[in-house]
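The chain contents come next:
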Amino acid sequence: MQLLLLAIGQRLPAWADDATAEFVKRFPPDLPLRLKTLKAEPRTSGKTPEQMMAAEATRLQEATPRGARRVVLDERGERQTTLQLAERLRRWQLDGRDVVLYMGGPDGLSSDMKQGAEEKLRLSDLTLPHALARVLLVEALYRAWSVNAGHPYHRE
C-alpha cells in the first residue's frame, strides 16, 4: 500500500516544499507517501470556477491509480484527532489498497470529486493557505503512522 497526495497547484514557497519533503522522507518503505502536483487552471481564462474545477478534476482522475481508495480534503469533511487518524490509517493498511488524497486548487474540488470520494477529511476549522495545508496533512499522516508504529512522537 502507498499513500499518494494529488494536489492542484505547483508553486509553493520553499519552506513548504522543504517541510513537505522532510516528512515524506520519514515514511517507511512499507508505507511510502508520494506527492504529485498538478497544474491549476489559469484564473485568467474567463472560465467559471465550476469549469476550472472540472478541468482540474479531470487531471486528478487521470493521475489516480486504478482501484485506489479516494479521499478528499474538504472543509465539510470529517474531523479527526491524531488517534482517530491513526486508526483510519491502520484500516487503510489492512485494506491494502493504495490511498489517494486529493487537495484542490484555489476554488477547491469539484462536486463530482467530492461525491466520488469514499471518504472526506477535514484538516481544520480554520481556512488554511494551500502551502500550510499540505505541510499539515503530510505531518499529520506521519504522526498517525508513528502512533501505529509505537513511536513516542505523540503523547496523550
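A quick note: this is a predicted structure, and the numbers were derived from the prediction, not measured.

**Regarding the packing of aromatic side chains**
Here comes step 1: Enumeration according to the criterion identifies three aromatic pairs in this entry.
Here comes step 2: Here a set of aromatic residues connected by ring pairs shows up, and it is made of F23, F27, Y142 and W145.
Here comes step 3: Positioned above the aromatic ring of Y142 is the side chain of R26, whose terminal nitrogen or guanidinium carbon lies 5.5 Å from the ring centre.

**Quick look at the sheet that holds strand 1 (residues 3-8)**
Here comes step 1: Strand order across the open sheet formed by five strands is 2-1-4-3-5, with parallel pairing between neighbours. Taken across any chain shown, the strands that pair with only one partner, and hence form the sheet edges, are strand 2 (33-38) and strand 5 (119-121). Between one strand axis and the next, the sheet turns by 30° as a mean value, whatever way the strands run.
Here comes step 2: Pairing of strand 3 (residues 69-78) with strand 5 involves four bridges; the strand directions are parallel. Counterpart to V71 in the pairing with strand 5 is E119.
Here comes step 3: Packing against the sheet, helix 3 (residues 82-95) makes contact with strand 1, strand 3, strand 4 (99-103) and strand 5, and its axis sits at approximately 150° to strand 5.

**Description of the side chain of R88**
Here comes step 1: Note that R88 resides in helix 3.
Here comes step 2: Overall, the relative accessible area of 4% leaves R88 in the buried class.
Here comes step 3: The contact partners of R88, leaving out residues within four places of it in the chain, are E78, Q80, E119, K120 and L121.

**Description of the nonpolar core**
Side chains of a nonpolar character, in soluble globular proteins, are inclined to be buried together.
Here comes step 1: Membership of the largest hydrophobic core comes to 25 residues, with the highest contact counts inside it found for L3, F27, W92, L101 and L141.
Here comes step 2: A total of eight residues in this core trace back to one element, the largest contributor, which is helix 5 (residues 130-148).
Here comes step 3: When near neighbours in sequence (up to four residues on either side) are disregarded, L141 contacts L3, F27, L85, L89, W92 and L101.
Here comes step 4: In terms of nonpolar packing, the next biggest core, distinct from the first, is built from 14 residues, L6, I8, A68 and V72 among them.

About the criteria used
Residues numbered from 1 in each chain as written. Predicted model: local features only at pLDDT ≥ 70, side-chain atom pairs only at ≥ 80, totals over all residues. Heavy atoms only, no water. Phe/Tyr/Trp six-rings, centres within 6.5 Å; stacked < 30°, edge-to-face > 60°. Lys NZ or Arg CZ within 6 Å of the ring centre and 35° of its normal. Pairing = 2+ DSSP bridges. Helix = DSSP H or I, 4+ residues; strand = E, 2+ residues; numbered from the N terminus. Axes fitted to C-alpha atoms, helices over the stretch in contact; angles between N-to-C directions. Contact = heavy atoms within 4.5 Å. Buried < 20%, exposed > 50% of the residue type's maximum accessible area, 1.4 Å probe, protein only. Core = buried A, V, L, I, M, F, W, Y, C linked by side-chain atoms within 4.5 Å.

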